Amino acid sequence: MLVFLAVFITYGVAAGSLEDACPNGNATLITYNTGLNPTVHGYKERRKTIPAVVSTEATKSEADFLCLQEVWYEEDVNSVLEAIESDFPYHFSAIHHDLGELRDDRRKRAWSTVPCNAWKFTKLMGCLTWNCTWADDQQSCMFLHCGHRLFDLSQECLSCIIVSSSSFTDMMTMCATSGFSSYNRFNGPGLLVASKRPMAVSYTRFDPGYKVVLERGYIKAKVDNMTYVCTHLTGDLRTSYFEASKHSRQRKFKPSTPRYRAHRTCCLVTSIPDQQGDENGSGDVALTGELEDNYRLLEARGYLNPYFNNNGKCTYCDSNPILQGSAYGDLLIDHVLTYNLPSDVSTAERLFDETEEEQLSDHYGTKLGVCLP
């Protein structure tokens with residue numbers, strides 16, 4: 001899925017080259033959209049290799065903090081953690097029991113934590129079978145003919161259905177039975193952060209009280225005097241993406257409008273205080289490409305994009321074979337942004353792009369080195 005995604009850093013020291021301006025040392029940050037869902041080509045094969053490759057790249061880059069997106073299923077969260085945990089013992093997601101703890105009771109019956117209630121899910125599948133079995137675009141057909149059934153589902157079930165909507169079989173196995181796996185919850189925002197050092201973390205939803213097609217929010221992590229924010233915002237998915245609104249009297253699906261996407265960007269901007277304690281002082285996410293207006297909101301707030309200024313290669317690229325021919329063109333939409341923090345643009349690099357023939361995701365990752373305050 002084409003989306004906004006980024007890491008934000010606040011608090012800093014005087015500007016200068018990274019080597020000269022880092023008396024307290026530096027940190028390397030990586031952001032990567034893994035595309036771990038069945039709607040992205042090759043999911044079943046890629047999910048077996050991504051955890052090890054992420055671990056290898058983090059080691060090679062001497063990374064200190066990871067912001068991963070689209071790690072939706074608990075099984076995949078657990079696989080990634082098993083690969084990186086020896087180097088990154090401090091990790092967190094929206095479904096974590098606590099910092100560094102994905103679950104508090106692994107003996108709990110597996111089927112009791114699947115996202116979808118059996119009876120409501122059965123009603124949806126009946127509607128889909130009756131109306132959409134032969135549809136060319138099953139997801140659009142689902143919204144058109146079975147939207148009333150979607151509103152009956154929990155937020156976790158609804159999001160899982162959308163992420164797994166490549167086929168009816170995927171919806172069933174990933175959201176209702178999950179193969180009776182010990183790790184079968186759904187990580188609503190798809191975010192996973194990991195740090196080498198202890199951190200204080202929290203997850204915040206953008207739309208509390210609303211039911212949306214895909215839950216969006218951000219994880220804020222404080223490591224020593226640094227603040228990192230990992231998020232994954234809605235992108236311009238043309239006609240294929242809709243937001244579902246359910247708040248008191250509203251029960252309808254509607255396109256994800258530029259105004260609504262900008263609202264989320266502004267919410268994030270005003271949520272992170274800067275080093276003076278100004279509640280309106282910091283950050284947000286951004287991408288160039290289609291949603292340049294949102295990027296400009298961040299630029300106006302003082303956020304810098306060292307990767308764009310130094311490297312600038314696309315991170316969502318037509319040449320990536322996983323996309324199988326994209327209608328979007330080459331886009332730069334995966335960023336590490338900085339706020340009032342010196343960075344060395346020479347460390348701003350694109351990652352996970354070494355072998356064009358065997359790509360891991362529909363996105364490439366990016367990394368950046370910054371000074372520690």
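Procedures and definitions
- Residues numbered from 1 in each chain as written.
- Predicted model: local features only at pLDDT ≥ 70, side-chain atom pairs only at ≥ 80, totals over all residues.
- Heavy atoms only, no water.
- Helix = DSSP H or I, 4+ residues; strand = E, 2+ residues; numbered from the N terminus.
- Buried < 20%, exposed > 50% of the residue type's maximum accessible area, 1.4 Å probe, protein only.
- Contact = heavy atoms within 4.5 Å.
- Areas by Shrake-Rupley, 256 points an atom, 1.4 Å probe, with all protein chains shown as cover.
- Disulfide = S-S within 2.5 Å.
- Core = buried A, V, L, I, M, F, W, Y, C linked by side-chain atoms within 4.5 Å.
- Axes fitted to C-alpha atoms, helices over the stretch in contact; angles between N-to-C directions.
- Parallel < 35°, antiparallel > 145°, perpendicular 65-115°, else oblique.
- Left-handed = near helix turned anticlockwise from the far one by under 90°.
- Nonpolar A, V, L, I, M, F, W, Y, C, P; charged D, E, K, R; others polar.
- Salt bridge = Lys/Arg side-chain N within 4 Å of Asp/Glu carboxyl O.
- Polar contact = N/O pair within 3.5 Å; in protein donor to acceptor, adjacent residues only side chain to side chain.
- Phe/Tyr/Trp six-rings, centres within 6.5 Å; stacked < 30°, edge-to-face > 60°.

**Student:** Mind showing me how you'd approach the overall build of the chain here?
**Tutor:** Along the chain, the regular secondary structure elements total 9 helices and 14 strands. Per-residue burial for the chain yields a buried fraction of 56% across its 373 residues. Partitioning the contacts of the chain with sequence separation of at least 6, the portion at a separation of at least 24 is 73%. With the model as given, the accessible surface of the chain reaches about 15,800 Å², and the carbon-plus-sulfur share is 49%.

**Student:** Explanation requested: the state of the cysteines in the structure shown.
**Tutor:** In a disulfide, the sulfur atoms of two cysteines are held together by a covalent bond. Considering all chains together, one arrives at 6 disulfides under this definition. Disulfide pairing places Cys127 opposite Cys146 at an S-S distance of 2.2 Å. The sign of the -95° torsion about the S-S bond sets the Cys127-Cys146 disulfide as left-handed. Of this pair, Cys127 sits in helix α3 (residues 118-132) while Cys146 is found in helix α4 (residues 138-150), placing the two residues 19 residues apart along the sequence. Residue Cys127 shares its accessibility class with Cys146, and that shared class is buried. Paired by a disulfide, Cys160 and Cys175 hold their sulfur atoms 2.2 Å apart. The S-S bond linking Cys160 to Cys175 shows a torsion near -95°; that makes this disulfide left-handed.

**Student:** How should helix α2 (residues 74-84) be read in this particular structure?
**Tutor:** Each full turn of the α-helix corresponds to 3.6 residues, which orients residues three or four apart in the same direction. By the burial criterion, the buried members of α2 are Glu74, Asp76, Val77, Asn78, Val80, Leu81 and Ile84. The secondary structure elements touched by the buried residues of α2 are β2 (26-36), α1 (43-60), β3 (65-71), β4 (90-93) and β5 (192-195).

**Student:** In this structure, what is going on with the nonpolar core? I would like to understand it.
**Tutor:** A general trend in soluble globular proteins is that nonpolar side chains are found buried together. Core analysis: the largest hydrophobic core is formed by 53 residues, its most contacted members being Leu66, Leu128 and Ile161. Contact partners of Leu66, with chain neighbours within four places excluded, come to Ile30, Val54, Ala58, Ile84, Phe88, Leu192, Val193 and Ala194. Among the nonpolar cores identified, the runner-up in size contains 20 residues, and Phe65, Cys67, Leu191 and Val193 belong to it.

**Student:** It is not clear to me how the packing of α1 against α2 should be interpreted in this structure. Could you clarify?
**Tutor:** The packing of two helices is summarised by the inter-axis angle and the distance between the axes. Running from amino to carboxyl end, α1 crosses α2 at an angle of 30°, the nearest separation of the two axes being 7 Å. Taken together, the axis directions place α1 and α2 in an arrangement best described as roughly parallel. Between α1 and α2 the crossing geometry is right-handed. On the side of α1, the interface is formed by Tyr43, Arg47, Pro51, Ala52, Val54 and Ser55, while α2 contributes Glu75, Asp76, Ser79, Val80, Ala83 and Ile84. For the contact of α1 with α2, the per-class residue count stands at 7 nonpolar, 2 polar and 3 charged.

**Student:** What's the story with unusual backbone geometry in this structure? I'm lost.
**Tutor:** Excluding glycine, residues mostly have negative phi values, and the peptide bonds linking residues are mostly trans. Positive phi, close to 55°, is recorded for Glu70, a residue that is not glycine. Relative to the helices and strands, Glu70 resides in strand β3. On the accessibility criterion, Glu70 (0% relative accessible area) is buried. Positioned with a positive phi, Phe352 is a non-glycine residue whose angle comes to about 60°. Counting through the fold element by element, Phe352 comes out in the loop between β13 (343-351) and β14 (365-371). Of the residues examined, Phe352 reaches a relative accessible area of 9% and is grouped as buried.

**Student:** Teacher, can you tell me more about the pattern of salt bridges here?
**Tutor:** This model, assessed by the stated rule, comprises 9 salt bridges. Of the charged contacts in the structure, one is a salt bridge between Glu74 and Arg185, with a shortest N-O distance of 2.8 Å. Separated by 111 residues along the polypeptide, Glu74 in helix α2 and Arg185 in the loop between α6 (168-177) and β5 bring together distant segments of the chain. As a salt-bridge pair, Asp353 and Arg350 come within 2.7 Å of each other at their nearest N and O atoms.

**Student:** Explanation requested: the side chain of Ser361 in the structure shown.
**Tutor:** The residue Ser361 is located in the loop between β13 and β14 in this model. Of the residues examined, Ser361 reaches a relative accessible area of 0% and is grouped as buried. Within the local environment of Ser361, its side chain forms a polar contact with the backbone oxygen of Asn33, the two atoms lying 2.7 Å apart. At 3.1 Å, the side chain of Ser361 and the backbone nitrogen of His363 are in polar contact. What Ser361 contacts, discounting residues up to four positions off in sequence, is Tyr32, Asn33, Thr34, Gly35, Arg46, Asn320 and Ile322.

**Student:** How do you make sense of the packing of α4 against helix α5 (residues 155-163) when you look at a structure like this?
**Tutor:** Here α4 crosses α5 at 165°, and the two axes come no closer than 13 Å. Classed by the angle they form, the pair α4 and α5 counts as roughly antiparallel. Here the hand of the crossing between α4 and α5 comes out right-handed. Across the interface between the two elements, Gln139, Met142, Phe143 and Leu150 from α4 touch Leu158, Ile161 and Ile162 from α5.

**Student:** Could you clarify how one ought to interpret the environment of Thr177 in this entry?
**Tutor:** For Thr177, the position within the fold is in helix α6. Between the C-alpha atom of Thr177 and that of Cys116, which follows or precedes it by 61 residues, the distance is 8.5 Å. Not counting the four nearest positions on each side in its chain, Thr177 is found in contact with Val114 and Met172.

**Student:** Please explain the packing of aromatic side chains as it appears in this structure.
**Tutor:** Centre-to-centre distance and the angle between the planes together describe a pair of aromatic rings. For the coordinates displayed, the defined rule picks out 6 aromatic pairs. Look at Tyr32 and Phe352: their rings are 3.9 Å apart centre to centre, the planes differ by 20°, and that puts the pair in the stacked class. Taken together, the residues Tyr32 in strand β2 and Phe352 in the loop between β13 and β14 connect sequence positions 320 residues apart. Measuring from ring centre to ring centre gives 5.9 Å for Trp72 and Phe186, while their planes differ by 5°; the resulting arrangement is stacked. Linking Trp72 in the loop between β3 and α2 with Phe186 in the loop between α6 and β5, this pair joins segments that are 114 residues apart in sequence. Residues Trp72 and Phe186 agree in their burial class; the two are buried. Aromatic ring contacts, followed pair by pair, group Tyr43, Trp72, Tyr73 and Phe186 into a single cluster.

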